[in-house]
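Here are the chains, one letter per residue:
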Amino acid sequence: MSNRKPETGAFFQRDRQWHPPAYTPDYKTSVVRSPQRALLSLDSTLSEITGPVFGHSLLGELDDDLIHNFAKPGESAIGQRIIVHGRVVDERGVGVASALLEFWQANAGGRYRHKREGYLAPLDPNFGGCGRTITDEDGYYRFRTVKPGAYPWPNGVNDWRPAHIHFSVFGHGFAQRLITQMYFEGDPMIWQCPIVKSIPDKAAIEQLIAALDRQNTIPMDARAYKFDIVLRGRRSTLFENRLEGN
Amino acid sequence: MVQSLGFLKETPSQTAGPYVHIGCTPNFSGITGVYEADLGISMVNDQTFGERVTLRGRIFDGTGTPLRDALVEIWQADAKGLYNSPSEMRGTADANFSGWGRCPTDMETGEYIFETIKPGRVPYKDGRLMAPHVTLWIVARGINIGLQTRLYFADEEAANAEDPVLQRIEHRNRVPTLLARKDGSTYHFDIHLQGEKETVFFDI
Ligand SMILES: [Fe+2]
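Notes on the structure in this doc start here. (Residues numbered from 1 in each chain as written. Chains lettered and ligands numbered in written order. Predicted model: local features only at pLDDT ≥ 70, side-chain atom pairs only at ≥ 80, totals over all residues. Heavy atoms only, no water.)

As a further point, take the overall build of chain A. Scanning chain A from terminus to terminus reveals two helices and 12 strands. Mapped from its N terminus to its C terminus, chain A presents α and β elements in the order β-α-β-β-β-β-β-β-β-β-α-β-β-β. For 246 residues, the compact-globule estimate of 2.2 N^0.38 gives 18 Å, and the C-alpha radius of gyration of chain A, at 19 Å, lies within 12% of that figure. By principal-axis analysis of the C-alpha atoms, chain A measures approximately 60 × 40 × 35 Å. Relative to its full complement of 246 residues, chain A shows a buried share of 57%. (Helix = DSSP H or I, 4+ residues; strand = E, 2+ residues; numbered from the N terminus. Rg over C-alpha atoms; globule rule 2.2 N^0.38 Å. Buried < 20%, exposed > 50% of the residue type's maximum accessible area, 1.4 Å probe, protein only.)

If you want it as structure tokens, here you go:
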């Protein structure tokens, strides 16, 4: 944890126009999995203001290295080597320290290591596809992996997912809990994907596209992509009568 | 022109997809040797203070079919009503209770199961006590943004009747969608994404 005093304010209201709605018929699975009644909107209570925070001791040495964390000793995953890095901040721009990030992805050929996966592209014996890290005191994180491949999926007859990495993010309050996907700059498939297009606003989609970062590219080794993540911000408790005080 | 408020937009959500297990419960999905154990599979130990309970149920889609590819997370107070969180200012929670659990629904039956303790009561912002409750967060393929709801305990009738959150539910016939049914030390709590019995979900 950082030295900053833990915050206890309620979270900013979530902008539901910015997120994808529950019901997006072009993404067919959402049709029977989308609640149809209005959500019950409430200001945060202690149950949402608080949340689990994980210590760096949780992490193993290779948790942030998908090229090696499943590979046999001396071997490594096949594919384009990349570093993904960025900063987790909240809507006020304040860095979120000790945020646990978990990521998962297909291998370089677009194949996931999963019982229910049937794509004919081969598994890579040296690639598991999962990793995790925890942000530092200022909210920064980084991990190493291979660039995932695009893959087909059963939705339309010929739908393909653009290359992407799934992210699960914990902030400091359970109301900040978020799962999203990171896409790669310059990929034309992004704009053809029904899951991407579940997000109504083009600017919101662009927030999910990581920029190729030549400054942080490691010569003769790995290109870098920068992906910043924004979690919900909090109100100050200064003028609020709260039980736990300020 | 006025000064910019300078706020950023929250990163938009995307579905967890069908392979959420790879990232969140790799051992469950058959990817072993990367993490020692899946995070959140155990919430209690021998020393945990409080009444042991099992929470179990299934998540049904609009056709009545249980989801076999969902991931459920829960977050709750300890037996004294304190959260194991840095933002908890009222005291120190039971160090032997994490308060947070994660469970993938069974790939055959669709059932989720948590071994936990019954939480204590936590104050609402005006000081009234909320009834004992557990927050649930559900993600899956076809769910574009995580669904949040609460499990209340059906046998806590008096506390439930004065719970300030339950009181906010306009259609009283929907309150039972948040009540877990007691059967010994087990509480059964099914979630319905759509239909007559659609669970009350929160924007909170
Ligand atoms: Fe994917």
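Having seen the structure, we can now continue with the description.
Residues and elements named next belong to chain A. Around the iron ion, the protein supplies Tyr 112 (OH), Tyr 151 (OH), His 164 (NE2) and His 166 (NE2) as donor atoms, at distances of 1.9 to 2.2 Å. Classification of the site at the iron ion rests on its four donor atoms, whose angles at the metal span 90 to 160°, yielding the label irregular. All donor residues of the iron ion come from one chain, and their arrangement in sequence is Y-x38-Y-x12-H-x1-H. On the criterion of sequence distance, the pair formed by Tyr 112 in the loop between strand 3 (100-104) and strand 4 (130-134) and Tyr 151 in strand 6 (residues 151-153) is long-range, its members being 39 residues apart. Side by side, Tyr 112 and Tyr 151 carry an identical accessibility label, which is buried. (Donors = N, O, S within 2.8 Å, 3.2 Å for Na, K, Ca; no water. Tetrahedral: all angles 85-135°; square planar, octahedral: opposite > 155°, others 65-115°.)

This part takes up empty space enclosed by the protein. Taken as a whole, this structure holds four cavities of 30 Å³ or more when the rule is applied. Of the voids in this model, the second largest cavity is the one considered here, and its volume is about 60 Å³. Those elements that provide at least two residues to the lining of the second largest cavity are strand 9 (178-184) of chain A together with strand 5 (133-139) of chain B. By residue class, the composition of the lining of the second largest cavity is seven nonpolar, five polar and two charged. (1 Å grid on protein atoms, 1.4 Å probe; cavity = no way out; pocket = protein on both sides within 12 Å on 5 of 7 lines; lining within 4 Å. Points joined across faces, edges and corners; volume = space filled by probe spheres on them. Nonpolar A, V, L, I, M, F, W, Y, C, P; charged D, E, K, R; others polar.)

Turning to the environment of B:Met107, a few remarks are in order. With respect to the element layout, B:Met107 can be found in the loop between strand 3 (100-104) and strand 4 (111-117). Distance from B:Met107 to B:Gly81, taken between C-alpha atoms, is 33 Å for residues 26 residues apart in sequence. Residues within four places of B:Met107 in sequence aside, it is in contact with A:His114, A:Lys115, A:Arg116, B:His21, B:Phe28 and B:Arg68. (Contact = heavy atoms within 4.5 Å.)

One can find A:Gly110 in the loop between strand 3 and strand 4. The residues contacting A:Gly110, other than those within four sequence positions of it, are A:Glu117, A:Tyr119, A:Gly149, A:Ala150 and A:Tyr151.

Empty space among the atoms becomes apparent when a probe as large as a water molecule is rolled across them. Here the largest pocket defines a volume of roughly 470 Å³. Looking at the largest pocket, it is lined by 26 residues, and the ones nearest its centre are A:Trp153, A:Pro154, B:Pro18, B:Tyr19 and B:Arg141. Per-element accounting of the lining of the largest pocket gives the leading share, three residues, to strand 6 of chain A. Looking at the lining of the largest pocket residue by residue, the class counts come to 11 nonpolar, seven polar and eight charged. By volume, the second largest pocket amounts to about 260 Å³.

Another aspect to go through is the pairing of strand 7 (residues 179-183) of chain B. Residues and elements named next belong to chain B. Direction of pairing for strand 6 (residues 147-153) relative to strand 7: parallel, over a ladder of two bridges. Each bridged residue has a counterpart across the sheet, and for Phe 153 the counterpart in strand 7 is Ala 180. The sheet contact formed by strand 7 and strand 8 (residues 186-188) spans three bridges and is antiparallel. By the bridge assignment for strand 8, Arg 181 is matched with His 188. If you look at the hairpin formed by strand 7 and strand 8, you'll find two residues sitting between the two strands, and Gly 184 has a positive phi there, around 70°. (Pairing = 2+ DSSP bridges.)

So, about unusual backbone geometry. All names here are of chain A. One non-glycine residue with positive phi stands out, namely Ser 98, at about 55°. Among the secondary structure elements, Ser 98 is positioned in the loop between strand 2 (81-90) and strand 3. Not every positive phi belongs to a glycine, and Met 220 is a case in point at roughly 60°. Given the relative accessible area of 88%, Met 220 is considered exposed.

A separate point is the packing of aromatic side chains. Counted by the stated rule, this structure contains 19 aromatic pairs over all chains. With centroids separated by 5.3 Å and ring planes inclined at 75°, the aromatic side chains of A:Phe12 and B:Phe7 adopt a geometry described as edge-to-face. Placement of the pair is A:Phe12 in the segment before strand 1 (40-41) and B:Phe7 in the segment before helix 1 (20-24), with the two residues belonging to separate chains. Taking the relative accessible area as the measure of exposure, B:Phe7 reaches 48% and is therefore partly exposed. An aromatic cluster of at least three residues, connected via ring pairs, comprises A:Phe103, A:Tyr141, A:Phe143, A:Phe167 and A:Phe227. Here the basic side chain of A:Lys115 rests over the ring of B:Phe28, its NZ or CZ set 5.9 Å away from the ring centre. Taking the ring centre of B:Tyr35 as reference, the NZ or CZ of A:Arg132 above it sits at 3.6 Å. (Phe/Tyr/Trp six-rings, centres within 6.5 Å; stacked < 30°, edge-to-face > 60°. Lys NZ or Arg CZ within 6 Å of the ring centre and 35° of its normal.)

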